[in-house]
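Structural description and commentary
This is what each chain is made of:
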Amino acid sequence: MKRIGVLTSGGDAPGMNAAIRAVVRTAIFHGLEVVGILRGYAGLIYGEFKELSISSVGDIIHRGGTILLTARSQEFMTPEGRTQAVKMLQHRGIDGLVVIGGDGSFRGAVTLHEHGIKVVGVPGTIDNDIPCTDFTIGFDTAVNTVVDAINKLRDTATSHERVFLVEVMGRNSGQIALAAGIAGGAESILIPEYAPNFAEVSEKILRGRDRGKLHSIILVAEGVGSALEVSKEIEERTGLDTRVTILGHIQRGGTPTAFDRMLASRMGAKAVELLLEGVSNHMVGIVNNTIVSHEIEWALSLKKAIDADVYQLAGMLSI
Ligand code: ADP
């Protein structure tokens, strides 16, 4: 292996830049050349390539987003698009590829492997919804962003004695809501993995009022439904005034936490080492603070479950 490519694809996540930096520097350390591919698979099809040097990735470890830009590509979903992408890689003499992204990007990586391209995936998504890894790059930063917002909302919620609902990202996964809910001391956490029990949420709010609690914070993962709808339901059941905050894309931005930078650095380096060992079709993960790798298709055939003990803990600490 002489020359590898790196791209970021799908939803961006804080820490992707730290991962790019680790890929580039590890590769150069081992005597490889590195090509950055812009706009994910879209840029791969259109040959948007850029040679990367040690200094191309200087001063980015602390930046959110991705210097390589990211995109979703419908064209790559077609056999013609993928054939074109493979041609581009061959034409530029790229022997291996590191794909930094979420599960969709990993499925795309598998199709490249099937075309004979050596490819390794690095899990970069705030959702932490990828199996075979305890954490994905960007999750910790997103959770901290939500906790920061909860801290601020708590001040105003207390002053006005209001119920605040905070809608967070997670269409299919309650990982952000659960972690941020526990760390932020939320009263109830609604996640798609468990059917919402509005009667219980409302009773808890009223019980809190009875013992003099001034505020209530309810976290709603977007997969449960609109927080506005949930707020109407709760107003009807409790007769209390509610306010809704939808955090939206704020959760995707910001400087990555030290945890995410460290994770991205370790995972990016491992991806290059795997390519050097001739491994393909694998994703990097972290399990019990050890960097591991698993076959992508096998990993994606599993479902990342919510830790039931942690979910119960959330309920117990907010009685
Ligand atoms: P994420 O990687 O964040 O989950 P997406 O699901 O949008 O983001 O996937 C990113 C891109 O990966 C898609 O736009 C598409 O080009 C490619 N992709 C996703 N699923 C597949 C698939 N089954 N086969 C080939 N390419 C795919």
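1. Considerations on the site of the ligand
Looking at the ligand, there are 16 residues lining it, with Arg72, Ser73, Gly102, Gly104 and Ser105 nearest. Between the ligand and the protein, one listed contact pairs an oxygen atom with a backbone N or O atom of glycine 11 at 3.1 Å. Between the ligand and the protein, one listed contact pairs an oxygen atom with a side-chain N or O atom of arginine 72 at 2.5 Å. When the ligand sits alone it has 550 Å² of accessible area, and the protein chains cover 79% of it. For the shell around the ligand, the element with the most residues is helix α4 (residues 103-114), which contributes six residues. Within the shell around the ligand, the residues separate by chemical class into three nonpolar, nine polar and four charged.

2. A closer look at the domain arrangement of the protein chain
The extent of an interface is frequently quoted as the accessible surface area lost upon association of the parts. According to the domain assignment, the protein chain consists of domain 1 (3-138 + 256-300) and domain 2 (140-252). For domain 1 and domain 2, the distance between their C-alpha centroids amounts to 34 Å. At the interface, 13 residues of domain 1 touch eleven residues of domain 2. Both faces considered, domain 1 and domain 2 share a buried interface measuring about 970 Å² in area, 52% of it formed by carbon and sulfur atoms. Area buried by domain 1 at its contact with domain 2 is led by Ile126, Asp127 and Thr257, which between them contribute 45% of it. Joining domain 1 to domain 2, the criterion identifies one salt bridge. A salt bridge links aspartate 12 to arginine 252; the shortest N-O distance between them is 3.5 Å. Taken together, the residues that form the side of domain 1 that touches domain 2 break down as five nonpolar, four polar and four charged.

3. What to know about the pattern of salt bridges
Applying the stated criterion across every chain yields a total of 13 salt bridges. The residue aspartate 103 makes a salt bridge to arginine 107 at a minimum N-O spacing of 3.8 Å. Here aspartate 103 and its partner arginine 107 are both found in helix α4, four residues apart, which amounts to about one turn of the helix. Residue classification places aspartate 103 among the partly exposed positions, given a relative accessible area of 31%. For glutamate 229, the salt bridge goes to lysine 232, with nearest N and O atoms at 3.6 Å. Residue glutamate 229 and its partner lysine 232 are both found in helix α8 (residues 227-238); the two are separated by three residues, about one turn of the helix. Each member of the salt-bridge network shares a partner with another, and the members are Arg3, Glu33, Glu51 and Arg92.

What counts and how
- Residues numbered from 1 in each chain as written.
- Predicted model: local features only at pLDDT ≥ 70, side-chain atom pairs only at ≥ 80, totals over all residues.
- Heavy atoms only, no water.
- Near = heavy atom within 4 Å.
- Polar contact = N/O pair within 3.5 Å; in protein donor to acceptor, adjacent residues only side chain to side chain.
- Areas by Shrake-Rupley, 256 points an atom, 1.4 Å probe, with all protein chains shown as cover.
- Helix = DSSP H or I, 4+ residues; strand = E, 2+ residues; numbered from the N terminus.
- Nonpolar A, V, L, I, M, F, W, Y, C, P; charged D, E, K, R; others polar.
- Domains from an automatic or database assignment.
- Contact = heavy atoms within 4.5 Å.
- Buried area = accessible area lost by both parts, 1.4 Å probe.
- Salt bridge = Lys/Arg side-chain N within 4 Å of Asp/Glu carboxyl O.
- Buried < 20%, exposed > 50% of the residue type's maximum accessible area, 1.4 Å probe, protein only.

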